[in-house]
Amino acid sequence: MKARLFALAMLFSLAACSSIPTSGPVIFHPLPTESAGSGVLVAALPPAPGASKLEIVEGFLHASGIYEEGYATARLYLARGTSWHPESKVSVFSSGSLQDPFAEKDGDIVLSATLVGSVDARGTFAPEGAAAEHAFGLVKEDGEWRISAPPDGLLVSRQQFDRGWESAEVYYMGLNGRLVPEPVVIPKSDDKLERVVKRQLRGPNAWLQPTVVSRPTLSLRSVTLANAIAEITLEPSSLDLMELREAVAAELVATASSLPGIRGVQVRVGETLLTLSGLSGPTYTRADVAPLLESDAQLYLSNGRQVYSPGSGYTVAAGQVSVFAAYEEQRFVTVLTDSELLQYSTDELQMGYSGLGEGSVQQLEYGPTGVLWALQEGRLYRESDNALLEPVQTPIGSAKSEVMAFSIAADGERMAALVDTGKGAQLGFFLISDGVLSSWRELATNTQGNLGVCFMDDDKLLLLSERTDGGRTLTQTTTDGAWVSDMVPPESGRIARIACSPGQAPVALTDEGVAYAYDSVAGKWNSVGEKVLGVGYSK
């Protein structure tokens, strides 16, 4: 499989040159599982005769939060001739649990609330936190109240948003030969497969674009879903570059199969079926593209004598180690003193690293191509030639910024980081290109005191944070911040570190030296090691 992955990576490189607290199990507002085309079994209601001003506003907002083609029912609440563009934007507000967001002012109904986020016409969610106020312009028509000043786009409550919208991922081939996700938010509707495919064919957003293989905008001929098999057909004229066809096939298989209820995907250009090298087709599943989404990660623990893999018996002699990194069960880098980094191959010492400054090493991590990254005293270093670790610039607009923790995505194109600019640890992302970090994009969250971060999946993060009372919390967030939920920590011990890898169980290490892995099916933590000093997954 790794040979096929390498071949695909070479092919895609050539192509690029041509162109809120919970308990129990984790709850992540998952996509519905009944079928990829199932809609919301709630009907939008038209205005009732004699409805009050407030009832008209509430009815309009309720109807707006339920997807309909053209939002015909919601339009019944509008005054004649009123212009409204519901597909242009979704604004999500929260009024809190105690506050009534509606008030009558100067004969009109006004909504006052906090805008927690918005979704643009591309389906991109952006967290926000500003106060918002909107007057609906109630007027009388034929003896009935109607709205003359609707909001720009849709205005929905957080509860409506959680019920009526869902996350999906569209994928693009990265320059490293792995698939890179772009999270999108779509309404729950019968046409969501077509929506997601059309969104993918439009191409990546501006932030992600420098990291993916360049290709023309593609044209869709048709998309159908029958017996849980999605069939996607592109217009032949939109994909005449033969070297791009396998990349596009992998992208669309990953994109369509991210929706629940889809068991297989077929991709055609005109009448020609597209295939993936080394795999029998013509129908492919997410498992077929999994090597392009994640690595075969292995959990490792360290104690006072060795770095080892629980359950396998594989060990690496390393001494008293708490910080380490592993790559494909071949290379291990450990910290024996504050700044002394030693590399092992199996159980043999190979070499040491140079170039670090003075102070303690807080974190080590390999990228998916085997390049070592290190964090020391708030500064990032990256392996170059001859085992030299060179400092890496972090372009976030503040000379005093310090990196507190980082995590490299399985695609190798993105780095999640906690950066302290003097206002606490801010969560955000860098793009990675040839070892250079660029395009810092901050992600606002409700968490405070962030201490650690790691990629749970290609589009989900796990955060370790400290409460004001000294306790520690675990929080999951999608990489766009659209959905955030708490993960119940282990019942005993204060979490010191976390580790995770796409497709693998998140791991928490407590101050008492007990390592726990999270069983998402049972919704509980299971001990995987005691007297542990460090935890980590290989790349």
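Residues numbered from 1 in each chain as written. Predicted model: local features only at pLDDT ≥ 70, side-chain atom pairs only at ≥ 80, totals over all residues. Heavy atoms only, no water.

1. Quick look at the overall build of the chain
Here comes step 1: Per the secondary structure count, the chain includes 7 helices and 37 strands.
Here comes step 2: About 23300 Å² of surface is accessible on the chain, with carbon and sulfur atoms providing 50% of the total. (Helix = DSSP H or I, 4+ residues; strand = E, 2+ residues; numbered from the N terminus. Areas by Shrake-Rupley, 256 points an atom, 1.4 Å probe, with all protein chains shown as cover.)

2. Brief notes about the packing of aromatic side chains
Here comes step 1: Across all of its chains, the model carries 11 aromatic pairs by this definition.
Here comes step 2: When the centroid spacing of 5.0 Å and the interplanar angle of 65 degrees are considered together, the rings of Tyr518 and Trp525 count as edge-to-face. Taken as a pair, Tyr518 and Trp525 share a single burial class, namely buried.
Here comes step 3: Ring-pair connections join several aromatic residues into one group, and the members of that group are Phe60, Tyr67, Tyr71 and Trp84. (Phe/Tyr/Trp six-rings, centres within 6.5 Å; stacked < 30°, edge-to-face > 60°. Buried < 20%, exposed > 50% of the residue type's maximum accessible area, 1.4 Å probe, protein only.)

3. Considering the nonpolar core
Here comes step 1: Grouped together as the largest cluster of nonpolar side chains are 55 residues, with contacts concentrated most on Leu179, Leu193, Ile232, Leu234, Leu252, Val289 and Val453.
Here comes step 2: Broken down by element, the residue count for this core peaks at 9 residues, all from helix H6 (residues 242-257).
Here comes step 3: Contact partners of Leu252, with chain neighbours within four places excluded, come to Val197, Gln200, Leu201, Ile232, Leu234, Val265 and Val267. (Core = buried A, V, L, I, M, F, W, Y, C linked by side-chain atoms within 4.5 Å. Contact = heavy atoms within 4.5 Å.)

4. Describing the pattern of salt bridges
Opposite charge on two side chains makes pairing possible when the charged atoms of those side chains draw close.
Here comes step 1: Following the criterion strictly, the structure yields 22 salt bridges and no others.
Here comes step 2: Arg80 is paired through a salt bridge with Glu141; the nearest N and O atoms lie 3.7 Å apart. One end of the pair, Arg80, is in the loop between helix H3 (72-75) and strand S1 (89-94); the other, Glu141, is in strand S5 (residues 138-141), with 61 residues separating them in the sequence.
Here comes step 3: In this structure Glu141 comes out as buried when scored by relative accessible area, which is 16%.
Here comes step 4: Here Asp459 ties to Lys460 by a salt bridge, and the two come within 3.5 Å at their closest N and O atoms.
Here comes step 5: The class of Lys460 is partly exposed, set by a relative accessible area of 23%. (Salt bridge = Lys/Arg side-chain N within 4 Å of Asp/Glu carboxyl O.)

5. What about the sheet that holds strand S10 (residues 220-226)?
Here comes step 1: Strand order in the open sheet formed by 4 strands is S10-S11-S12-S13, with mixed pairing between adjacent strands. The sheet terminates laterally at S10 and strand S13 (272-273), the two strands that pair on one side only.
Here comes step 2: Strands S10 and strand S11 (229-234) of the sheet are contacted by helix H5 (residues 192-201), whose axis makes an angle of about 145 degrees with S10. (Pairing = 2+ DSSP bridges. Axes fitted to C-alpha atoms, helices over the stretch in contact; angles between N-to-C directions.)

6. Points about H5
Here comes step 1: Burial analysis of H5 places 7 of its 10 residues in the buried class, the great majority of the element.
Here comes step 2: The first or second residue beyond H5 is Gly203, which carries a positive phi of 95 degrees.

7. Examining the side chain of Asn303
Here comes step 1: Inspection of the secondary structure puts Asn303 in the loop between strand S14 (299-302) and strand S15 (306-308).
Here comes step 2: For Asn303, a relative accessible area of 6% translates into the label buried.
Here comes step 3: Only 2.9 Å separates the side chain of Asn303 from the backbone nitrogen of Gln306, close enough to count as a polar contact.
Here comes step 4: Not counting chain neighbours up to four residues away, the residues in contact with Asn303 comprise Tyr308, Gly319, Val321, Lys531 and Leu533. (Polar contact = N/O pair within 3.5 Å; in protein donor to acceptor, adjacent residues only side chain to side chain.)

8. Considering the sheet that holds strand S24 (residues 389-391)
Two modes of strand pairing occur in sheets, parallel and antiparallel, and in both the strands are linked by backbone hydrogen bonds.
Here comes step 1: Overall, antiparallel pairing links the 4 strands, which are arranged S21-S22-S23-S24 in an open sheet. Looking along the sheet, the strands with just one partner apiece sit at the ends: strand S21 (361-366) and S24. Within the sheet, the average angular offset between the axes of one strand and its neighbour, ignoring direction, is 25 degrees.
Here comes step 2: Looking at chain direction, strand S22 (residues 372-376) and strand S23 (residues 379-383) are connected through 4 bridges and run antiparallel. By the bridge assignment, Leu375 is partnered in S23 with Leu380.

9. A look at the state of the cysteines
Here comes step 1: Per the counting criterion, the structure on display carries 1 disulfide.
Here comes step 2: Linked covalently through their sulfurs, Cys454 and Cys500 form a disulfide whose S-S length is 1.8 Å. Handedness of the Cys454-Cys500 disulfide follows from its S-S torsion of about 110 degrees: it is right-handed. Here Cys454 is found in strand S29 (residues 450-457), whereas its partner Cys500 is found in the loop between strand S33 (495-499) and strand S34 (507-510), with 46 residues between them in sequence.
Here comes step 3: Its relative accessible area of 12% is what places Cys500 among the buried residues. (Disulfide = S-S within 2.5 Å.)

10. Notes on the confidence of the model for the chain
Here comes step 1: Averaged over every residue, the pLDDT of the chain is 86; residues scoring 70 or more account for 88%.
Here comes step 2: Per-residue pLDDT stays below 50 along residues 1-41; that stretch engages in 90 contacts with residues further than four places along the chain or on separate chains. (pLDDT = per-residue confidence, 0-100.)

11. Some words on helix H2 (residues 53-64)
Here comes step 1: Helix length check: H2 (12 residues) gives 17 Å between terminal C-alpha atoms against 16 Å at 1.5 Å per residue, within 8%.
Here comes step 2: Listing the buried residues of H2 in full gives Lys53, Ile56, Val57, Gly59, Phe60, Leu61, Ala63 and Ser64. (Expected span 1.5 Å × (residues − 1).)

12. Quick notes on the environment of Thr82
Here comes step 1: With respect to the element layout, Thr82 can be found in the loop between H3 and S1.
Here comes step 2: By relative accessible area, which is 18% here, Thr82 ends up buried.
Here comes step 3: Between the C-alpha atoms of Thr82 and Ile147, which are 65 residues apart in sequence, the distance is 8.2 Å.
Here comes step 4: Ignoring any residue separated from it by four or fewer positions in sequence, one finds Thr82 in contact with Ile147, Ser148 and Pro150.
Here comes step 5: A polar contact of 2.8 Å, which involves the side chain of Thr82, links it to the backbone oxygen of Ala79.

13. Description of the pairing of S21
When a strand is regular, its side chains alternate between the sheet's two faces.
Here comes step 1: The element S21 is largely enclosed, with a buried count of 5 among its 6 residues.
Here comes step 2: As defined by bridge partners, S21 adjoins S22 across 5 bridges and the pair is classed as antiparallel. For Gln363, the partnering residue across the bridge sits in S22 and is Leu375.
Here comes step 3: Between S21 and the antiparallel strand that follows it, S22, lie 5 residues; Gly370 among them carries a positive phi value of about 90 degrees.

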